[in-house]
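Spelled out, the chains give:
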Amino acid sequence: IRHAAARLAEPTALLAPSLGALPAPVAIGLAVVLYDLAAWATHLLLHRIDALWRLHEVHHSSPTLDWAATFRAHPGDHALRHLASPALLLLLGFPVASVAVASAVYTGWAAFAHANLRLELRCLEPLLVTPRLHRLHHVPGTSGHNFGTIFSLWDRLHGSAPRRASDERSRPECKAWFACAPR
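Summary of the structure given here. (Residues numbered from 1 in each chain as written. Predicted model: local features only at pLDDT ≥ 70, side-chain atom pairs only at ≥ 80, totals over all residues. Heavy atoms only, no water.)

### Focus: the overall build of the protein chain
The condition that has to hold: Strands here mean DSSP runs of E at least two residues long; helices mean DSSP runs of H or I at least four residues long; both are numbered from the N terminus. Using a 1.4 Å probe on the protein chains alone, a residue whose accessible area is under 20% of its type maximum counts as buried, one over 50% counts as exposed, and one in between counts as partly exposed. In what follows, residue pairs with any heavy atoms lying within 4.5 Å of each other are defined as contacts. Only the protein chains shown count as cover for residues, and all accessible areas are computed by the Shrake-Rupley method using a 1.4 Å probe.
Each helix and strand counted, the protein chain has 7 helices and 2 strands in total. Listing every helix and strand of the protein chain by position from the N terminus yields α-α-α-α-α-α-α-β-β. Among the 183 residues that make up the protein chain, the fraction classed as buried is 39%. Residue pairs in contact within the protein chain that sit at least 24 positions apart in sequence constitute 61% of those at least 6 positions apart. For the protein chain, the exposed area adds up to about 9,800 Å²; of that, 68% sits on carbon and sulfur atoms.

The following block contains the structure:
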């Protein structure tokens, strides 16, 4: 077991062997950032390419936006979205353990961003995707914005951040301080 665990901690070193020499917290932090960037690009393509949209629209057809919507998707959508980022990180030479932690952080944040929570987190939105920001992505007519899962920075740099993130007409109606339901 120790030998297997040690092998998992080794970098794959296909393109950048020096990434394996980074301290684990730095490697994990960088892996999370690059994982989210690759996932953002994949998500953008899922919206822009018709054949990919037909896979991804299953996710957008969910009648309610909640944490379970994170996992409600076509198998082809899941395969593309959850293989592209880890494969890229492994090709770049990140240790498998760093990629696994980045994947877990990404999945956890995706569930949080899809959650029907009404939390006032606007102060985080210049950097991070919040449930409020992600709800805007699922509103018809604004789904061409907010492709990020963890970091909102990618959308801001690309120009795909919402122009009016506070558009009250597109916000789901909230029935309680902690639970929101779409209109």
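### Thoughts on helix 3 (residues 50–60)
Which entries qualify depends on this criterion: By construction, the arc corresponds to the directions joining the helix axis to the C-beta atoms.
Of all the residues in helix 3, the buried ones are Leu52, His56, His59 and His60. All buried residues of helix 3 lie within an arc of 85° about the axis, which places them on one face of the element. Among the exposed residues of helix 3, those oriented more than 90 degrees off its buried face are Asp50 and Arg54. The secondary structure elements touched by the buried residues of helix 3 are helix 2 (24–48), helix 4 (75–92), helix 5 (96–114) and helix 6 (131–138).

### Some thoughts on empty space enclosed by the protein
Operational definition: Here a cavity denotes a set of grid points, spaced 1 Å apart and computed over the protein atoms alone, in which a 1.4 Å probe fits but from which it cannot get out, and a pocket denotes an open set meeting protein on both sides within 12 Å along at least five of seven lines; residues with an atom within 4 Å of a point are reported as lining. Grid points are joined across faces, edges and corners, and a volume is the space filled by probe spheres set on the points. Note on residue classes: Ala, Val, Leu, Ile, Met, Phe, Trp, Tyr, Cys and Pro are nonpolar, Asp, Glu, Lys and Arg are charged, and everything else, Gly too, is polar.
Evaluated as defined, the whole model comprises 1 cavity of 30 Å³ or more. Empty space within the largest cavity amounts to approximately 40 Å³. Here the lining of the largest cavity is composed, by residue class, of 4 nonpolar, 2 polar and 2 charged.

### Observations concerning the nonpolar core
Convention followed: As used here, the term nonpolar core means buried Ala, Val, Leu, Ile, Met, Phe, Trp, Tyr and Cys residues forming a set that is joined through side-chain atoms within 4.5 Å.
Judged by nonpolar contacts, the single largest core of 17 residues is most densely connected at Leu89, Phe94, Ala102, Ile150 and Phe151. Sorting the residues of this core by element identifies helix 2 and helix 5 as the ones contributing at least two each. Considering each element in turn, this core owes the most residues, 6 residues, to helix 2.

### Overview of the pattern of salt bridges
Note the cut-off: Salt bridges are defined as contacts in which a side-chain nitrogen from Lys or Arg sits within 4 Å of a carboxyl oxygen from Asp or Glu.
As enumerated under the stated definition, the model contains 2 salt bridges in all. Measuring nitrogen to oxygen at the nearest pair gives 3.3 Å for the salt bridge that ties Glu120 to Arg122. Residue classification places Glu120 among the exposed residues on the basis of a relative accessible area of 61%. A relative accessible area of 30% places Arg122 in the partly exposed class. Note that Arg132 is salt-bridged to Glu125, the shortest N-O span being 2.4 Å. When sorted by exposure, Arg132 lands in the same class as Glu125, which is buried.

### Details of the layout of surface pockets
Counted as a void, the second largest pocket has a volume near 170 Å³. Lining the second largest pocket are 13 residues, and of these Thr70, His78, Arg81, His82 and Ala110 lie nearest its centre. Of all the elements in the fold, those that place two or more residues in the lining of the second largest pocket are helix 4 and helix 5. Tallied by class, the residues present in the lining of the second largest pocket amount to 4 nonpolar, 7 polar and 2 charged.

### Points about the environment of Arg48
Structurally, Arg48 can be placed in helix 2. With 96 residues separating them in the primary sequence, Arg48 and Gly144 have C-alpha atoms 8.7 Å apart. Beyond its immediate sequence surroundings of up to four residues, Arg48 is in contact with Gly144 and Phe147.

Function cannot be inferred from these measures alone, as they are strictly geometric.
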